[in-house]
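Listed below, chain by chain, are the residues.
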Amino acid sequence: MRANLCMVPPMGWNSWNTFAENINEELICQTADIMQAEGMAQAGYRYIVIDDCWALRERDEQGRLVPDPVKFPHGMKAVSDYVHSKGFLFGMYSCCGTRTCAGYPGSFEHEFEDARQFAEWGVDYLKYDNCFRPQHMDCATLYRRMGLALANSDRDMVFSACQWGVQEVHDWIRSTPAHLFRSTVDINDCWNSIRDIALSQMDRQSISGPFCHNDMDMLVVGMHGAGGTDYIAAGGCTDEEYQTHFALWCMMNSPLMLGCDVRGMTEATRRVIMNRDLIAINQDVECRAPFRVSCESNPPEGYVLAKFLSNGDIAIGMFNLGDVAANLSVDLWDLGLGAKTGCRLALYDCIAHQDAGTEGEMLLCKIPAHGCKVFRGRLEMK
Ligand code: GLA
């Protein structure tokens, strides 16, 4: 069934960051409505995912998971049909342990019947968490088990392993059927969380690639402090910080799962998340790992990432994660170029959406605190 499923990082929306347990049919349908009206499927956002807290606290007598009838009075198939009718794909959530993180029934030792149930409901994407895992079970076994159950159901389902980066996940995850793997702690809506997650994965990029993507967690862009739990609502960020967050996730090939309330997006939020030039870098078919480019004159909190794109272009992201404005440089020699090659790079600014001149040797930019620049460079040969 699953040939070519999830070749590039998945994009969509997930209910957890803003709504936590306050989810229901109306919210999901309204989200689908607004995402359709905003043209978000065309921009690449295809999955609408219901996170934790959708079920009753106990399984039924036949051992089946039961959607909470107050939150989802028409059941999950009706929600799934609605989401599909709006041109999106439908995602749900379960957990490899005996309970989900919020205490609802987990799929431990119910994997194959739950996978069948999700397939019957028309689920296209399963986020699979890591709470209440019995002590004698390791993650790899349980993620392999659910991966097999999904791969052998009669429906294409993306398998999102929400594994938090424990038990050396980078060493074995590509051997499981997972299409994406959470490699970090939960994000929250503040600058330090964004910075720390990005730094924790910066040197672990080479493990991420087509069909199995390093998931740095859902985006907090546009939340402005409106998190669904005290942990997530950590004060919010400025629009510039959200821009840097989005650019980092794009350059680092992370899935792009929105976590804000899309029903009330500001123009600034819309501009960040609908940036087609950054999304094109994230969705490049070859999923080449970005690499770090250092330069002696750069401050310690200045990071430059470069990523080779499938048409021969080079994406260059310059990130100032520090608290004061800084000059950042890239020596094009470190990208395989420089004067001796006779090549120059015609630069396009992917945030201002305009040409940014041509460079042969050095790229130098002044970048505000917590800010960034992302260029797409096209080679000009002599
Ligand atoms: C864990 C996950 C989160 C979210 C919650 C739900 O913390 O990492 O992304 O799914 O559980 O309870």
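Bear in mind the structure is a predicted one, so any value in this text is a computation, not a measurement.

Caption draft 1: Representation of the sheet that holds strand β1 (residues 11-14) within the structure. If you walk across this open sheet you meet the eight strands as β7-β6-β5-β4-β3-β2-β1-β8, and the pairing is parallel. Of all the strands in the sheet, just β7 (213-215) and β8 (256-258) have a single pairing partner and so form its edges. Averaged over all pairs of adjacent strands, the angle between strand axes in this sheet comes to 25°, irrespective of strand direction. Looking at chain direction, strand β6 (residues 180-182) and β7 are connected through three bridges and run parallel. Paired with Leu180 across the two strands is His213, which belongs to β7. Where helix α2 (residues 25-37) meets the sheet, its contacts fall on β1 and β2 (47-49), and the angle it forms with β1 comes to roughly 145°.

Caption draft 2: Examining the pattern of salt bridges more closely. For the coordinates displayed, the defined rule picks out 18 salt bridges. The partner of Lys86 in a salt bridge is Asp33, with the nearest N and O atoms 3.4 Å apart. Residue Lys86 is found in the loop between α4 (75-85) and β3 (89-95), and its partner Asp33 is found in helix α2; the two are separated by 53 residues along the sequence. Looking at Lys86, the relative accessible area reads 21%, which means it is partly exposed. Among the salt bridges present, the one from Asp81 reaches Lys77, with a minimum N-O distance of 2.8 Å. Placement of the pair is Asp81 and Lys77 together in helix α4, with a separation of four residues, close to one helical turn. A network of salt bridges, in which partner residues are shared, links Glu38, Glu267 and Arg270.

Caption draft 3: Just the side chain of Thr18, in detail. Position of Thr18 among the secondary structure elements: in helix α1 (residues 16-19). Within the local environment of Thr18, its side chain forms a polar contact with the backbone oxygen of Gly259, the two atoms lying 2.5 Å apart.

Caption draft 4: Region of interest: the domain arrangement of the protein chain. Domain boundaries in the protein chain define domain 1 (11-282) and domain 2 (291-381). Each of domain 1 and domain 2 was reduced to a C-alpha centroid, and the two centroids are 32 Å apart. Counting residues at the interface gives 20 residues for domain 1 and 21 residues for domain 2. The three residues of domain 1 that bury the most area against domain 2 are Met202, Met251 and Ile281, which together make up 31% of that side's buried surface. Counting every contact that joins domain 1 to domain 2 gives one salt bridge. The salt bridge partner of Asp203 is Arg292, with a shortest N-O separation of 3.1 Å. The interface formed by domain 1 and domain 2 includes nine residue pairs in polar contact (both at pLDDT 80 or more).

Here is what the cut-offs are and how they apply
- Residues numbered from 1 in each chain as written.
- Predicted model: local features only at pLDDT ≥ 70, side-chain atom pairs only at ≥ 80, totals over all residues.
- Heavy atoms only, no water.
- Pairing = 2+ DSSP bridges.
- Helix = DSSP H or I, 4+ residues; strand = E, 2+ residues; numbered from the N terminus.
- Axes fitted to C-alpha atoms, helices over the stretch in contact; angles between N-to-C directions.
- Contact = heavy atoms within 4.5 Å.
- Salt bridge = Lys/Arg side-chain N within 4 Å of Asp/Glu carboxyl O.
- Buried < 20%, exposed > 50% of the residue type's maximum accessible area, 1.4 Å probe, protein only.
- Polar contact = N/O pair within 3.5 Å; in protein donor to acceptor, adjacent residues only side chain to side chain.
- Domains from an automatic or database assignment.
- Buried area = accessible area lost by both parts, 1.4 Å probe.

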